[in-house]
Amino acid sequence: MTGGPGLSWPVLRAAWDSLPSTRIPTAERLTGGADTSNGGGAFPAGARGAAGLLRSELVHVRRHNAIDGGYGSHDIVRDERLLALCRQALNGRTSS
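This report concerns the structure included in the present document.

Scoring rules and cut-offs
Residues numbered from 1 in each chain as written. Predicted model: local features only at pLDDT ≥ 70, side-chain atom pairs only at ≥ 80, totals over all residues. Heavy atoms only, no water. Helix = DSSP H or I, 4+ residues; strand = E, 2+ residues; numbered from the N terminus. Buried < 20%, exposed > 50% of the residue type's maximum accessible area, 1.4 Å probe, protein only. Contact = heavy atoms within 4.5 Å. Areas by Shrake-Rupley, 256 points an atom, 1.4 Å probe, with all protein chains shown as cover. Polar contact = N/O pair within 3.5 Å; in protein donor to acceptor, adjacent residues only side chain to side chain. Arc of directions from axis to C-beta. Salt bridge = Lys/Arg side-chain N within 4 Å of Asp/Glu carboxyl O. Core = buried A, V, L, I, M, F, W, Y, C linked by side-chain atoms within 4.5 Å.

A separate point is the overall build of the chain. Summing up its helical and strand segments, the chain has four helices and zero strands in all. Helices and strands appear in the chain in the N-to-C order α-α-α-α. Out of the 96 residues in the chain, the part that is buried amounts to 32%. Considering only intrachain contacts with a sequence separation of at least 6, the fraction spanning at least 24 residues in the chain is 59%. Surface exposure of the chain reaches about 5,900 Å², of which carbon and sulfur atoms provide 56%.

Next up on the list: the side chain of T22. Among the structural elements, T22 can be located in the loop between α1 (5-18) and α2 (23-32). Here A15 takes part through its backbone oxygen, which lies 3.1 Å from a polar atom of the side chain of T22. Beyond its immediate stretch of four places on either side in the chain, T22 contacts A15 and W16.

What follows is about helix α3 (residues 50-59). Among all positions in α3, only A50, A51, L53, L54 and E57 are buried. Seen from one end, α3 has its buried residues packed into an arc of 165 degrees, which puts them on one side.

It is worth spelling out the pattern of salt bridges at this point. As enumerated under the stated definition, the model contains four salt bridges in all. For the salt bridge of D17 with R13, the shortest nitrogen-to-oxygen distance reads 2.7 Å. Taken together, the positions of D17 and R13, both in helix α1 and four residues apart, correspond to about one turn of that helix. Exposure remark for R13: the relative accessible area of 31% places this residue in the partly exposed category. E57 is paired through a salt bridge with R23; the nearest N and O atoms lie 2.9 Å apart. Of this pair, E57 sits in helix α3 while R23 sits in helix α2, placing them 34 residues apart in sequence.

All of the buried residues in α2 are R23, T26, A27, L30 and T31. Across the axial projection of α2, the buried residues extend over an arc of 140 degrees, all falling on one side.

Residues W9, W16, L30, F43, A47, A50 and L54 are the most contacted members of the largest nonpolar core, which totals 15 residues. Counting residues per element, the ones that place at least two in this core are α1, α2, α3 and α4 (73-91). Excluding anything up to four places from it in sequence, A50 contacts W9, L30 and F43.

The quantities given are spatial measurements derived from coordinates; they are silent on function.
Set out below in structure tokens:
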């Protein structure tokens with residue numbers, strides 16, 4: 001998506017819940033968009049609720065990609081990436 005966060009955030013926020021596969025790309029955008037100029041992890045204007053969303057992801061024990069009665073090791077790698085991105089965005093670090 002292009003444009004400022006005020007335009008894209010509502011779409012990304014809705015996709016977070018309805019399309020779990022979008023969580024990593026969304027977290028990447030939030031990580032890259034963190035404003036560290038004030039020493040904190042402020043998100044760009046328009047990304048209202050981003051910090052709460054990321055914190056919520058970090059505290060959920062049952063992961064978004066869990067499947068009842070099944071598992072896959074590839075899910076672990078993707079999930080660890082998502083958790084790392086959430087932490088980075090909340091800490092105001094840039095994505096690597």
